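What the coordinates show
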Amino acid sequence: MTDAELKAQPRSVREEFERIKEGEIDHDEQLSSLKTQLADLLAKQHESQAVHDRIRVCLQWLPTGIASTENRLQEIKAQRVSAITMALVDDKEGSGLPDFSLDDALVAEQKNAELYLERLRLSAAGLEQQEKKARRAVELASNPCSAIESKINRHRDQLKLTEAKRRHGYA
């Protein structure tokens, strides 16, 4: 109902309209049905929003994850230099076959870190696409909620007006 429609009513009806509490009209079946529909739609909207939030968190963390992994790779490379140097210096037997087992372990760790870094970098485009889809899903879920809320408000106002008129003998 518009303000103009309410202002067109007698003063006593307008005042009564303002005094009527929501609980006095909640017994209406159509209003209850609309509220149930709204609750269902809000649940879907919240679910869509939760998915979007999880994706956004991943996107926000991604640069930190990439930088952290790049730093770890630099540390591993530095550790490898030390491990190789130590293996050559510690070749006490002079056999010419230094023990590179520490370097072997670091090479395996480096390969894992490189693979992880590649995965993080590749995920960026996919996450951005998923974020756009999720954002759109939230928007699409919000539209019906707004429409139902408007219907609820219009129907509630109509019920209040009808009750106000009834109480003052205009119905």
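Residues numbered from 1 in each chain as written. Predicted model: local features only at pLDDT ≥ 70, side-chain atom pairs only at ≥ 80, totals over all residues. Heavy atoms only, no water.

1. Describing the overall build of the chain
The condition is simple: To qualify as a helix, a DSSP run of H or I must reach at least 4 residues; to qualify as a strand, a run of E must reach at least 2; elements of each kind are numbered from the N terminus. The globule rule used here is 2.2 Å times the number of residues to the 0.38 power, and the radius of gyration it is set against is calculated over C-alpha atoms. In what follows, a contact means two residues having at least one pair of non-hydrogen atoms within 4.5 Å. In short, Shrake-Rupley with a 1.4 Å probe defines the accessible areas, and a residue's cover is counted only from the protein chains shown.
When its secondary structure is counted, the chain shows four helices and zero strands. Starting at the N terminus, the α and β elements of the chain follow one another as α-α-α-α. Here the chain has a C-alpha radius of gyration of 34 Å; the compact-globule value for 171 residues is 16 Å, and the former is much larger. Dimensions of the chain along its principal axes, counting C-alpha atoms only, are 115 × 25 × 25 Å. By sequence separation, contacts in the chain at least 24 residues apart represent 81% of the contacts at least 6 residues apart. When the accessible surface of the chain is split by element, carbon and sulfur atoms take 53% of a total near 11700 Å².

2. Regarding the side chain of D28
In plain terms, the rule: Only protein chains enter the accessibility calculation, which uses a 1.4 Å probe; a residue whose area is less than 20% of its type maximum is buried, one above 50% is exposed, and one in between is partly exposed. Counted as positive: Lys and Arg. Counted as negative: Asp and Glu. His and the chain ends are not counted at all. Put simply, a salt bridge is a Lys or Arg side-chain nitrogen that is within 4 Å of an Asp or Glu carboxyl oxygen.
In this structure, D28 sits in the loop between α2 (11-19) and α3 (29-89). Although buried, D28 forms no salt bridge, and the nearest oppositely charged side chain, K35, lies 9.4 Å from it. The contacts of D28, once residues within four sequence positions are left out, are H155 and L159.

3. Some remarks on the environment of D28
Quick reminder of the rule: Think of a polar contact as two N or O atoms within 3.5 Å of one another; within protein, one of them needs to be a possible hydrogen donor and the other a possible acceptor, and neighboring residues in sequence only count if both atoms come from side chains.
In the structure, D28 is positioned 127 residues away from H155 in sequence and 9.7 Å away in space, judged by C-alpha atoms. Engagement of the side chain of D28 in a polar contact is seen with the backbone nitrogen of L31, the distance being 2.9 Å.

4. Brief notes about the pattern of salt bridges
Following the criterion strictly, the structure yields 13 salt bridges and no others. In this structure, R80 engages D103 in a salt bridge whose closest nitrogen and oxygen atoms are separated by 2.6 Å. Residue R80 is located in helix α3, and its partner D103 is located in helix α4 (residues 101-167); the two are separated by 23 residues in the primary sequence. Within this structure, E16, R19, E24, E163, R166 and R167 form a network of salt bridges that share partners.

5. Section: the environment of L127
When you line up the elements, L127 lands in helix α4. Separated by 42 residues in the primary sequence, L127 and T85 place their C-alpha atoms 42 Å from one another. Residues within four places of L127 in sequence aside, it is in contact with I55, C58, L59 and L62.

6. Points about α3
Note the threshold: A helix is expected to reach a length of 1.5 Å times the quantity of its residues less one. By definition, a residue's bend is the angle between the axes fitted to the seven residues ending there and the seven starting there.
Taking 1.5 Å of rise per residue, 61 residues should cover 90 Å, and α3 covers 88 Å from first to last C-alpha, within 8% of that figure. Along its length, α3 reaches its greatest deviation from straightness, about 35°, at W61, and the proline P63 lies no more than four positions downstream. With a side-chain oxygen lying 3.2 Å from the backbone nitrogen of Q30, the N-terminal cap of α3 falls on D28.

7. Considering the confidence of the model for the chain
Going by this rule: How sure the predictor is of each residue is captured by pLDDT, a score from 0 to 100.
Confidence in the prediction for the chain averages 91 pLDDT; 96% of positions are at 70 or higher. Looking at the elements of the chain, mean pLDDT is at its lowest for helix α1 (residues 3-7), recorded as 80, and at its highest for α3, recorded as 95.

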